[in-house]
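# Close look at the chain arrangement
Okay, here's what each chain looks like letter by letter:
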Amino acid sequence: MTSSNGVGKDYWDRVAENLSGPTGSNESCDYYPCHHQGQDCTLCFCPFYPCDDERLGKLVESRTGGMVWSCQDCLWAHRPDVGKAVKERLSISSRPSINELHGIKKEMEQRFPIAAKPLMVLGATSGAGKTLLVAAICRILNDRGWRVAPFKSQNMSLNSTVTARGEEISRAQDLQAQASRIEAEARMNPVLLKPKKDDVSQVIVLGRPYRDMNVPTYYGGFTTEEGPKVVKEAYRHLASRFDAVVIEGAGSPAEINIADVDLANMMTAEIADAPCLLVVNIEWGGAFAYAYGTLMLLPPERRARFKGIIINNMHGSAADLRSGIDELERLTGIPVLGVIPHIEHALPDEDSQGLDDRGGEGVRVGVIRLPHMANFTDFAALEIGGGASVTFIDRPSEVAAADAIIIPGTKNTVADLQWLRRKGLDRAIVDARGKVPIIGVCGGYQMLGGRIEDPNGVEGDEGGSYEGLGLIRSVSRFGAYEKRTVRVEGTMAGGEGEVRGYEIHMGATESKESPLFLLRSDRGVRGEGSISPNGMVMGTYVHGLFDRPSFRSRFLSLAGNSGSRSVIDYDATVEESLSRVARTVEEHLDIDTMLKIMEAGP
């Protein structure tokens, strides 16, 4: 917007020219994206300029002196629904008056709020079911015509994925974005913690590695200095582009030992000025005590943000809880908005709780349960259609009993390789060579090779060279503190089936084996991964490789399953599960009251 008065003939000509062109993103523009990826460029020359609305812009000093209205940070006008509606509303044959433009802007504001309505879902404990409920609420709102985005300011998880822009975020927020029917982005999970050992995590900020931090450093500075700024800007960006932002907390908001530095919960609620719902998992027992105790441990001003309680994962009749619900509402003054039944689904788990309970029909796939195991969600697809039962194992006898062996990804390849040796699992895996298929994914791929070189201690506590399992002829090296994060697609090296997934890894591997996959890119086709001459030992950096039927069927056929029941598309299964979970939650949750809570705010 270069005109100082915004209403001159030249400026309106530019507005009209823009409105007469195509609606949507103008990716051919030299300045695209000047606001955000995927922005709508219909209102590049905004008809409301200068709107003098301090929610959208501000006066700044121009280079030539004097003050000029700047809408550099305005994202509202670049929402696709706003751009389309304004274009339909305006007649470009003649310039409207200032009063007419003000009236149209007010009309647009009523249809498309300038600031999203937030709602935050917090759990009394970890495992309360927050992730699934946020996904369900996102889908419910989207089904009702809302543009909605998920948000989790800080997530600690080793299950991550890669966005279309190559940003690393939690798998949970990617799932919630899918529930919202939008593309995931780093702003939905601006801070991701990936534990490397008990008191050290790699901190991912806006999808990129920031640095490793121990607990005192993280809570002693980051969550009170850089962290809140990152979270505030990420939330502001989303809130300017969507009708609603559904926020997920982490753990419990009543961790009184870190209450003043807990970025993930009430600090985020205050940044977003969000009303809050508290979720308790009744299956664990003590649900009423969890709910009451959590609320009573909060200071009054934070407790006042809670407008509803959800009891989750109920087996049996909700009527059995009536007297307890009545007493809880009397004690807290907060209504119980619903009792959600236990829901069977095929959605990936948020964390590793309950992995020991997995199992089912089909060939027995043993996944080595590494101490720093990452992206165990890679293997959920193996169980669809009854093709396999996935069991997480950590004993040599369990390795010997498996029909197929997977060494998964890890956030600390060196430490977990040493753990394998201490447990005797290395010998058990080597003994299984040629008898059952063995595949290593990411860190597991690095372990399969002859050596791991880490001269700078990027993975280990100190620099060194480490002997691998020697099942494939490869060497993995860690150099600079850099991470490859990219989506990939291609075919199996034989060309008989598609593969699609993403890479998230430090280090690189040089292999003398034949490639497992042929991946496509702008630079052509490249070989990726390794496969032994007999086809029974494989390694790859591609996560999500089992989601597509082709490779899943091939792997299970090596384990003794014909693969005839593995033609199901995992993506379609996840989509069906999201819809089913949303329908169940909508049936048992008082959505009308929830919407009133969002409308009223805290």
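Further up the page is the structure itself.
In what follows, the accompanying structure is described.

Criteria and thresholds
Residues numbered from 1 in each chain as written. Predicted model: local features only at pLDDT ≥ 70, side-chain atom pairs only at ≥ 80, totals over all residues. Heavy atoms only, no water. Buried < 20%, exposed > 50% of the residue type's maximum accessible area, 1.4 Å probe, protein only. Helix = DSSP H or I, 4+ residues; strand = E, 2+ residues; numbered from the N terminus. Pairing = 2+ DSSP bridges. Core = buried A, V, L, I, M, F, W, Y, C linked by side-chain atoms within 4.5 Å. Contact = heavy atoms within 4.5 Å. Axes fitted to C-alpha atoms, helices over the stretch in contact; angles between N-to-C directions. Salt bridge = Lys/Arg side-chain N within 4 Å of Asp/Glu carboxyl O.

With that out of the way, let us pick up the pairing of strand E8 (residues 191–197). Every other side chain in a regular strand lies on the same face of the sheet, so the side chains alternate between the two faces. Buried residues dominate E8, accounting for 5 of its 7 residues. Relative to E8, strand E5 (residues 154–156) runs parallel, the two sharing 3 bridges. Residue pairing for E8: Gln 154 is matched across the bridge by Val 191. In this structure, E8 lies alongside strand E9 (residues 200–205), joined through 6 bridges in antiparallel fashion. Residue pairing in the sheet places Leu 192 in a bridge with Ile 204 of E9. Following E8, the chain reverses through 2 residues before pairing antiparallel with E9.

On to the nonpolar core, then. Judged by nonpolar contacts, the single largest core of 98 residues is most densely connected at Ile 368, Leu 382, Phe 546, Phe 551, Phe 555 and Met 594. Beyond its immediate stretch of four places on either side in the chain, Phe 555 contacts Leu 382, Ala 404, Ile 405, Ile 406, Pro 437, Ile 439, Met 538 and Phe 546. Counting residues in each nonpolar core, the second largest holds 51 residues, with Phe 151, Tyr 218, Ile 247 and Val 339 among its members.

With that settled, the discussion passes to the pairing of strand E10 (residues 208–214). Bridge count between E9 and E10: 6 bridges; the pairing is antiparallel. Note on E10: the bridge partner recorded for Val 203 is Arg 211. Linking E9 back to E10 in an antiparallel pair, the connection comprises 2 residues, with Leu 206 at a positive phi of about 50°.

Ordered in space as E25-E24-E27-E28, the 4 strands form an open sheet in which the pairing is antiparallel. In this open sheet, the two edge strands, each paired with only one partner strand, are strand E25 (498–506) and strand E28 (524–528). Each strand of the sheet is rotated relative to its neighbour by a mean of 40°, with strand direction disregarded. Examined bridge by bridge, strand E24 (residues 483–492) and strand E27 (residues 517–521) share 3 bridges and lie antiparallel to one another. Opposite Thr 491, over in E27, you have Leu 518 as the bridge partner.

As a further point, take the pattern of salt bridges. Throughout the structure, instances matching the rule amount to 36 salt bridges. A salt bridge links Glu 586 to Arg 144; its shortest N-O distance comes to 2.9 Å. In this pair, Glu 586 is assigned in helix H17 (residues 570–588) and Arg 144 in the loop between helix H4 (130–143) and strand E4 (148–151), connecting sequence segments 442 residues apart. According to the relative accessible area criterion, Glu 586 is partly exposed, its value standing at 31%. Where Glu 503 meets Arg 484, a salt bridge forms, and the shortest distance between an N and an O atom there is 2.9 Å. Of the two residues, Glu 503 is situated in strand E25 and Arg 484 in strand E24; the sequence distance between them amounts to 19 residues.

On to the environment of Ile 568. Tracing the sequence through the fold places Ile 568 in the loop between helix H16 (549–558) and H17. Sequence-wise, Ile 568 and Ser 476 are 92 residues apart; in three dimensions their C-alpha atoms are separated by 34 Å.

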